[in-house]
Amino acid sequence: MVISEESVHDSLRGARAATVLSQFELSLRLGVSQRHISYVENGRAKPSRALLDAWLVELGVPIATRNSIALKAGYAPLYGEARLTDPELAHASAALTHLLAANDPLPCYVMDEQWNLLQTNRGGAWLAHELMPSLGVRSASTPINMLDLLCHPDGVTSKVTNIDEVGPQMLAQLRHEATLHPAITSKVNQYESLLHELLGSQARHALQRPRQVERAGAARSPLMTPRFMTSVGEMAFFSMFTTFGTPYDITLASIRVEHFFAADADTRSRLNALQLTTTLPHDAQP
């Protein structure tokens, strides 16, 4: 959901419109009069900090945007933004460490909403180096962004052997994420340009109708399953995302963990045969 930055009342009106809630329905949920809802949305009244918080929660507005709207209304931020190394997030940090370790040797990546890589396990580091060898020569102070790795002409996308199948599916997913996090829009556009180059004459049909793209003779998979060419042979994965449930901290709300799973027996056996010692050139924390 993209919230207008013009004014508080425009932001609230736009957020309600996106949920298809009427002023009356929202007033019942918040326990205030419909007239007050109308006054706030028209800029004739200002909600209290508590009402503003309840209003934004009810409309499902991302918590980083809730802070932005609260600041525009003249209030202190509604939510904190701690670092994973801070004591108050110790339990969350420990949970992430457990998830990373439990997934080895399968790749696992902890990212923020802009796809900046925060942490990974040995399997994730190995796959990243396989698909993007230049990681080994980049500065330890340079943050790694997973979208950059997708968009690089010699990066991850170029190693995908079924790009005609999964590239358009990934683009559809990224376009959706860009509507929620506009900061990644330029990188999504870069990815689309790269797909145009890789797919050639197929591009127009494939990028407009990703669900209809299939490899010849192959049944459509219920999961997006990219196949990567690595030094130990072709490996196929599908993935799942984990997020924190109902977080009340901006850092925790932005975190997503992508877990890779082997899509066939060959991938499982090749991963299990690896002696994983690879680490990435930095140990980033948000």
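In this text the structure is predicted, and so the values were computed from the model without any measurement.

The rules behind each value
- Residues numbered from 1 in each chain as written.
- Predicted model: local features only at pLDDT ≥ 70, side-chain atom pairs only at ≥ 80, totals over all residues.
- Heavy atoms only, no water.
- Helix = DSSP H or I, 4+ residues; strand = E, 2+ residues; numbered from the N terminus.
- Contact = heavy atoms within 4.5 Å.
- Areas by Shrake-Rupley, 256 points an atom, 1.4 Å probe, with all protein chains shown as cover.
- Buried < 20%, exposed > 50% of the residue type's maximum accessible area, 1.4 Å probe, protein only.
- Axes fitted to C-alpha atoms, helices over the stretch in contact; angles between N-to-C directions.
- Left-handed = near helix turned anticlockwise from the far one by under 90°.
- Nonpolar A, V, L, I, M, F, W, Y, C, P; charged D, E, K, R; others polar.
- Salt bridge = Lys/Arg side-chain N within 4 Å of Asp/Glu carboxyl O.
- Core = buried A, V, L, I, M, F, W, Y, C linked by side-chain atoms within 4.5 Å.
- Phe/Tyr/Trp six-rings, centres within 6.5 Å; stacked < 30°, edge-to-face > 60°.
- pLDDT = per-residue confidence, 0-100.
- Arc of directions from axis to C-beta.

S.K.: Looking at this structure, how should I read the overall build of the protein?
M.R.: For the protein, the helix and strand inventory stands at 13 helices and five strands. For the protein, the proportion of contacts with a sequence separation of at least 24, taken over those separated by at least 6, is 62%. Element-wise, carbon and sulfur atoms account for 53% of the exposed surface of the protein, whose accessible area totals about 14400 Å².

S.K.: Help me understand helix H5 (residues 63–72) in this model?
M.R.: Because each turn of an α-helix spans 3.6 residues, side chains separated by three or four positions in sequence point in the same direction. All of the buried residues along H5 are Ile-63, Thr-65, Arg-66, Asn-67, Ile-69 and Ala-70. Contacts made by the buried residues of H5 are with helix H1 (8–19), helix H4 (49–58) and helix H12 (250–254). Two residues or fewer after H5 comes Gly-74, characterised by a positive phi angle close to 90 degrees.

S.K.: It is not clear to me how the packing of H4 against H5 should be interpreted in this structure. Could you clarify?
M.R.: Angle between the axes and distance between the axes: these two values describe a pair of packed helices. Orientation of H4 relative to H5, taken along the N-to-C sense of each, is 145 degrees, at an axis distance of 10 Å. Crossing handedness for the pair H4 and H5: right-handed. In this structure, H4 contributes Leu-52, Leu-56 and Val-57 to the contact, and H5 contributes Arg-66, Ile-69 and Ala-70. By residue class, the composition of the contact of H4 with H5 is five nonpolar, no polar and one charged.

S.K.: Just checking my understanding: could you explain the pattern of salt bridges for this structure?
M.R.: Two side chains carrying opposite charge are able to pair once their charged atoms lie near each other. Across all of its chains, the model carries nine salt bridges by this definition. Note that Asp-10 is salt-bridged to Arg-13, the shortest N-O span being 2.4 Å. Of the two residues, Asp-10 and Arg-13 both sit in helix H1, three residues apart, roughly one turn of that helix. Among the residues examined, Arg-13 registers a relative accessible area of 32% and is labelled partly exposed. For Glu-234, the salt bridge is made with Arg-227, and the minimal N-O distance between the two is 3.0 Å. Taking relative accessible area as the criterion, Glu-234 reaches 26% and is therefore assigned partly exposed.

S.K.: So what exactly am I meant to see when it comes to unusual backbone geometry here?
M.R.: Residue Pro-105 is bonded to the preceding Asp-104 through a cis peptide linkage, with omega at 5 degrees. Within the element layout of this structure, Pro-105 appears in the loop between helix H6 (90–103) and strand S1 (108–111). Despite not being glycine, Thr-246 shows a phi value in the positive range, around 45 degrees. One can find Thr-246 in the loop between strand S4 (233–242) and H12.

S.K.: Looking at this structure, how should I read the nonpolar core?
M.R.: Nonpolar side chains in soluble globular proteins generally cluster together in the buried interior. In this structure, Tyr-109, Leu-174 and Tyr-191 are the most contacted members of the largest nonpolar core, which totals 35 residues. Within the residue set of this core, elements represented by two or more residues are S1, helix H7 (122–131), helix H8 (146–151), helix H9 (163–180), helix H10 (185–199) and S4. With six residues, H9 is the single largest residue contributor to this core. With sequence-adjacent residues up to four places away left out, Leu-174 is seen in contact with Trp-115, Leu-147, Leu-150, Ile-184, Val-188 and Tyr-191. Counting 21 residues, the second largest nonpolar core, distinct from the first, contains Leu-12, Ile-63, Ile-69 and Ile-250.

S.K.: I tried to follow the packing of aromatic side chains on my own but got confused; where do I start?
M.R.: The way to describe two aromatic rings as a pair is by their centre distance and the angle between their planes. According to the stated counting rule, one finds five aromatic pairs in the structure shown. Measuring from centroid to centroid gives 6.2 Å for Tyr-79 and Tyr-248, while their planes differ by 20 degrees, and the two rings are stacked. Placement of the pair is Tyr-79 in the loop between H5 and H6 and Tyr-248 in the loop between S4 and H12, with a sequence separation of 169 residues. On the accessibility criterion, Tyr-248 (58% relative accessible area) is exposed.

S.K.: Sorry, what's going on with the environment of Glu-165 here?
M.R.: With respect to the secondary-structure elements, Glu-165 resides in helix H9. Glu-165 sits in the buried class, given a relative accessible area of 11%.

S.K.: Hey, could you run me through the environment of Ser-231 in this one?
M.R.: The topology assignment puts Ser-231 in the loop between strand S3 (227–230) and S4. Sequence separation between Ser-231 and Leu-131 is 100 residues; the distance between their C-alpha atoms is 9.5 Å.

S.K.: Quick question: what am I supposed to make of the confidence of the model for the protein here?
M.R.: Atom-level detail of predicted coordinates should not be read off regions where pLDDT is low. In the predicted model, the protein carries a mean pLDDT of 85, and 84% of its residues have values of at least 70. Here residues 1–5 scores under 50 on pLDDT; set against residues more than four positions off or in separate chains, the count is 20 contacts. Per-residue pLDDT stays below 50 along residues 282–286; that stretch engages in 15 contacts with residues further than four places along the chain or on separate chains.

S.K.: Hey, could you run me through H4 in this one?
M.R.: Leu-51, Leu-52, Trp-55 and Leu-56 are the residues of H4 that are buried. Seen from one end, H4 has its buried residues packed into an arc of 130 degrees, which puts them on one side. On the buried face of H4, the contacting elements are H1, helix H2 (23–30), helix H3 (34–41) and H5. Where H4 terminates, the next one or two residues include Gly-60, which has phi positive at roughly 70 degrees.

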